[in-house]
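Spelled out from the first residue to the last, the chains are:
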Amino acid sequence: MFNKIIRLTALILVTSSPLFSQDVWLRLEVGERRKLNITIDNFQSILEMESMRSTVKEIIEKDLKFSLYFKIVEDAVTHISGDITENELCITVYEMPRKTKIIEKRYHLLLSNIREACHTASDDIIRFLAGENGISRTKVFFLKKMKDDKKIVYADYDGFNATTLDINDFCVSLAVSPNCRKIAYSAYNNDNLYLYLYDIETKEKELISYKEGLNTAPSFSADGKRLAFTLSKDGNTEIYIMNLKTKETKRLTFNRSIDTSPTWSPTGREIAFVSDRSGSPQIYIMESDGSGVRRLTYNGYYNTSPRWSPKGDKIAYVAMDEDNRLNIYTILITGEGRTCLTFQGNNEEPSWSIDGLHITFISNRNGLRELFTMHWDGSGQRKILTYGGGLYSSRWSQ
Amino acid sequence: MYKRLAYVIALIIPLALLNCAKKEIKVVEEEPIVEEIIEIVEEEEPEEEVKIPFILSRIHFNYDKYDVRPEDAKILEKNAEVLKVYPDARVIIEGHCDERGTNEYNLALGEKRANSAKDYLTMLGISKDRMSTISYGEEKPFDLGHNETAWSKNRRAEFVRK
């Protein structure tokens with residue numbers, strides 16, 4: 001009940017404030033999320049495909065549960081059934097009591113693409129029933145620490161199919177383009193940290209920024225046309241943006257303190273970033289031409305790693321608490337509604353899924369630095385990947 | 001009380017006398033030695049300059065800070081002297097951080113530390129063109145431990161000859 005009142009108050013504050021003209025795209029999230037009840041039937045299979053039957057159902061059920069749009073119950077009106085024939089999965093959605101068929105869709109199913117086929121089916125079900133784009137086929141990118149360097153890896157959102165990119169560089173910072181085709185990353189080269197653009201399909205690597213010192217902290221605008229990043233050639237780190245087509249760059253910050261970690265608002269009109277201009281690292285928001293800088297965070301002495309939610313209303317970031325532990329917080333872009341989402345170990349590198357309902361992050365709560373996901377409110381925290389040398393810089397693709 | 005004072009005075013007087021005596025002896029003896037040294041220095045001067053080793057010491061920083069501490073300023077002064085003896089040497093100043101904090105911010109912090117050292121050396125007369133900076137953030141710890149002793153060693157700037 002109190003939760004409801006707080007959220008309603010936050011909504012009223014947002015809508016009545018003059019800041020409403022900025023990037024606000026609010027979902028109406030009053031109280032518990034409304035979920036659609038569904039029942040997932042036992043899937044059918046021909047004898048030859050029997051070994052896949054339980055796996056297929058399991059993947060789809062996990063996707064639908066994770067999406068947060070559904071509550072899986074025994075006797076819902078809406079039912080989902082699956083029928084596996086030779087190299088084919090047929091998904092049917094029907095309604096009780098008369099078994100009225102709503103949708104029927106077929107997917108090519110091979111042992112080699114079983115997870116991909118199931119995730120595609122899950123996203124279709126989500127689109128049909130919830131009217132939203134699912135995230136079952138999105139990837140999570142991160143760095144794994146090797147003996148002497150760090151390599152870029154990507155995996156399905158649930159941690160399966162981890163693939164290391166064939167890049168022979170010591171990578172330290174990365175961003176994934178909105179179409180998930182390109183990666184911007186910085187890597188050490190000749191005692192500088194240069195910025196590269198890598199095409200995942202063609203495996204072509206392009207050096208896009210090679211000023212003296214740091215060329216780092218890349219962030220793609222939501223339309224994929226511009227890249228915000230950090231250069232240190234001016235004597236300290238300053239934020240720049242680059243038009244990726246013309247490679248034209250423009251400097252946005254001008255002062256003697258640290259300015260780094262830019263993140264775009266979904267409309268591309270604003271950029272949030274970290275600066276220690278007040279004496280400690282805090283999060284600020286500016287227009288994407290560098291004007292109208294305002295401070296967002298006032299709690300504590302260490303607030304870094306801002307990531308703007310794809311829905312526009314919130315920013316996730318990392319704060320250091322009094323006991324020197326790092327935790328992930330979210331805050332409305334009005335500065336209200338600061339909420340701590342993690343409570344064990346150190347937690348950093350938050351990155352949103354495109355639907356704004358989930359966050360991936362790195363936590364060392366079990367000792368090693370491992371990859372986790374959680375829901376937007378901090379619930380459902382689960383480890384999805386572990387690697388001996390530790391994982392860094394998690395980024396959720398769109 | 002008076003007894004103690006008497007003891008002290010009794011101790012001081014002979015000591016003072018001894019001192020005076022020493023000084024007198026020194027003054028007498030020093031002159032020829034100084035002359036000798038000057039002669040030797042004049043002969044070996046070109047060789048001695050080469051003998052000053054090219055060693056630049058690292059400096060350290062406080063947590064989440066990048067200003068040069070007074071005790072480290074002295075180290076930078078020594079480093080500047082070395083760099084003046086080797087006018088052709090170029091150095092890369094590496095900025096490093098401890099493992100706490102977030103990676104991207106630590107990269108920026110390390111860069112600030114390297115630049116603080118560079119600015120201080122510039123102030124001491126070393127040309128900016130001879131120095132470049134790079135930050136390794138928390139990527140290259142000096143001490144692999146996870147405690148304050150290790151962290152204080154890792155918050156540093158290092159000087160590497162190019």
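Residues numbered from 1 in each chain as written. Chains lettered and ligands numbered in written order. Predicted model: local features only at pLDDT ≥ 70, side-chain atom pairs only at ≥ 80, totals over all residues. Heavy atoms only, no water.

(A) Structural detail: the layout of surface pockets. Of the volumes computed, that of the largest pocket is approximately 890 Å³. In terms of lining residues, the largest pocket is bounded by 38 residues, among which Arg369 and Tyr392 of chain A together with Glu99, Glu138 and His146 of chain B are the most central. Of all the secondary-structure elements, those providing two or more residues to the lining of the largest pocket are β27 (358-366) and β28 (368-375) of chain A together with α4 (148-154) of chain B. Top contributing element to the lining of the largest pocket by residue count: β27 of chain A, with three residues. (1 Å grid on protein atoms, 1.4 Å probe; cavity = no way out; pocket = protein on both sides within 12 Å on 5 of 7 lines; lining within 4 Å. Points joined across faces, edges and corners; volume = space filled by probe spheres on them. Helix = DSSP H or I, 4+ residues; strand = E, 2+ residues; numbered from the N terminus.)

(B) Structural context of the packing of aromatic side chains. The final tally for this structure, using the stated rule, is 13 aromatic pairs over all chains. On the basis of an interplanar angle of 80° and a centroid distance of 6.3 Å, the ring pair of Tyr194 of chain A and Tyr210 of chain A is categorised as edge-to-face. Taken together, the positions of Tyr194 of chain A in strand β12 (residues 192-199) and Tyr210 of chain A in the loop between β13 (205-209) and β14 (215-220) put the pair 16 residues apart, joining distant regions of the chain. Look at Tyr194 of chain A and you get buried, because its relative accessible area is 13%. Their ring planes at 25° and their centres at 5.9 Å tell us that Phe273 of chain A and Tyr284 of chain A sit as a pair that is stacked. One end of the pair, Phe273 of chain A, is in strand β19 (residues 270-275); the other, Tyr284 of chain A, is in strand β20 (residues 282-287), and 11 residues separate them in sequence. In this structure Tyr284 of chain A comes out as buried when scored by relative accessible area, which is 6%. In this structure an aromatic cluster arises from ring pairing among Phe170 and Tyr188 of chain A together with Tyr136 of chain B. The side chain of Arg115 of chain A reaches across the aromatic face of Phe160 of chain A, ending 3.4 Å from its centre. (Phe/Tyr/Trp six-rings, centres within 6.5 Å; stacked < 30°, edge-to-face > 60°. Buried < 20%, exposed > 50% of the residue type's maximum accessible area, 1.4 Å probe, protein only. Lys NZ or Arg CZ within 6 Å of the ring centre and 35° of its normal.)

(C) Focus on empty space enclosed by the protein. A full pass over the atoms with the stated rule returns five cavities of 30 Å³ or more. Of the volumes computed, that of the largest cavity is approximately 50 Å³. Of the residues in the lining of the largest cavity, the class split is four nonpolar, two polar and five charged. (Nonpolar A, V, L, I, M, F, W, Y, C, P; charged D, E, K, R; others polar.)

(D) Here's a closer look at the pattern of salt bridges. A full pass over the atoms with the stated rule returns 33 salt bridges over all chains. Taking the shortest distance from any N to any O, the salt bridge between Arg395 of chain A and Glu349 of chain A comes out at 3.0 Å. Of this pair, Arg395 of chain A sits in strand β30 (residues 391-396) while Glu349 of chain A sits in strand β26 (residues 347-352), placing them 46 residues apart in sequence. Glu158 of chain B serves as the salt-bridge partner of Arg156 of chain B, at 2.6 Å between the closest nitrogen and oxygen. Classification of Arg156 of chain B as buried rests on a relative accessible area of 3%. Where salt bridges share partners, they join Glu88, Lys101, Glu104 and Arg106 of chain A into one cluster. (Salt bridge = Lys/Arg side-chain N within 4 Å of Asp/Glu carboxyl O.)

(E) Representation of the domain arrangement of chain A within the structure. We note that the domain assignment places domain 1 (7-130) and domain 2 (139-396) within chain A. Domain 1 of chain A and domain 2 of chain A are separated by 29 Å when their C-alpha centres are compared. (Domains from an automatic or database assignment.)

(F) Region of the structure containing the sheet that holds strand β15 (residues 226-231) of chain A. Residues and elements named next belong to chain A. The four strands are arranged β14-β15-β16-β17 in an open sheet whose pairing can be described as antiparallel. The two strands at the open ends of the sheet, each matched to only one other strand, are β14 and β17 (249-251). Here the strands of the sheet are splayed against their neighbours by 25° on average, with no regard to which way each runs. Relative to strand β16 (residues 238-243), β15 runs antiparallel, the two being bridged by six bridges. Residue pairing in the sheet places Leu227 in a bridge with Met242 of β16. (Pairing = 2+ DSSP bridges. Axes fitted to C-alpha atoms, helices over the stretch in contact; angles between N-to-C directions.)

(G) View of the pairing of β14 of chain A. Within β14 of chain A, six of the six residues are buried, which leaves the element mostly enclosed by the surrounding structure. Where β14 of chain A folds back on β15 of chain A, the antiparallel hairpin that results is connected by five residues, among which Gly224 of chain A adopts a positive phi of roughly 75°.

(H) Spotlight on the environment of Gln381 of chain A. All names here are of chain A. Within the secondary structure layout, Gln381 lies in the loop between β28 and β29 (382-385). Between the alpha carbons of Gln381 and Phe361 there is a distance of 9.8 Å; along the sequence they are 20 residues apart. Look past the residues within four positions of Gln381 in its chain and what remains in contact with it is Leu341, Thr342, Phe361, Arg365, Thr373 and Met374. Within the structure, the side chain of Gln381 is placed 3.1 Å from the backbone oxygen of Gly378, a separation counted as a polar contact. (Contact = heavy atoms within 4.5 Å. Polar contact = N/O pair within 3.5 Å; in protein donor to acceptor, adjacent residues only side chain to side chain.)

(I) Region of interest: the confidence of the model for chain B. Residues and elements named next belong to chain B. For chain B, the average pLDDT comes to 80, and 69% of its residues sit at 70 or higher. Confidence over residues 13-44 falls short of pLDDT 50; this stretch has one contact with residues more than four positions distant or in other chains. Interface confidence for the predicted complex, given as ipTM, is 0.86, next to a pTM of 0.84. (pLDDT = per-residue confidence, 0-100.)

(J) Here's a closer look at the interface of chain B and chain A. On the side of chain A, 39 residues touch chain B, which itself brings 25 residues to the contact. Across the chain B/chain A interface, buried area totals approximately 2,500 Å², and carbon plus sulfur atoms make up 52% of it. If you sort the residues of chain B by the area they bury against chain A, Glu104, Tyr105 and Glu139 of chain B come out on top, with a joint share of 27%. Counting across the chain B and chain A interface gives three salt bridges. Between Arg395 of chain A and Glu104 of chain B there is a salt bridge whose closest N-O contact spans 3.5 Å. For the pair chain B and chain A, the interface holds 11 residue pairs in polar contact (both at pLDDT 80 or more). Where the side of chain B that touches chain A is concerned, the elements lending two or more residues are α3 (103-123) and β3 (131-137) of chain B. Considering each element in turn, the side of chain B that touches chain A owes the most residues, 10 residues, to α3 of chain B. Here the side of chain B that touches chain A is composed, by residue class, of nine nonpolar, nine polar and seven charged. (Buried area = accessible area lost by both parts, 1.4 Å probe.)

(K) The arrangement of the packing of helix α2 (residues 50-66) of chain A against helix α3 (residues 114-130) of chain A in detail. Residue and element names in this part refer to chain A. It is the contact of α2 with α3, at a shortest axis distance of 9 Å, that shows an interaxial angle of 45°. As summarised for this structure, α2 and α3 are arranged oblique, according to the angle between their axes. Where α2 crosses over α3, the two elements pack in a sense that is right-handed. Facing α2, whose interface residues are Met52, Thr55, Val56, Ile59, Ile60, Asp63 and Leu64, α3 presents Ile114, Arg115, Cys118, His119, Ala121, Ser122, Ile125 and Ile126. (Parallel < 35°, antiparallel > 145°, perpendicular 65-115°, else oblique. Left-handed = near helix turned anticlockwise from the far one by under 90°.)

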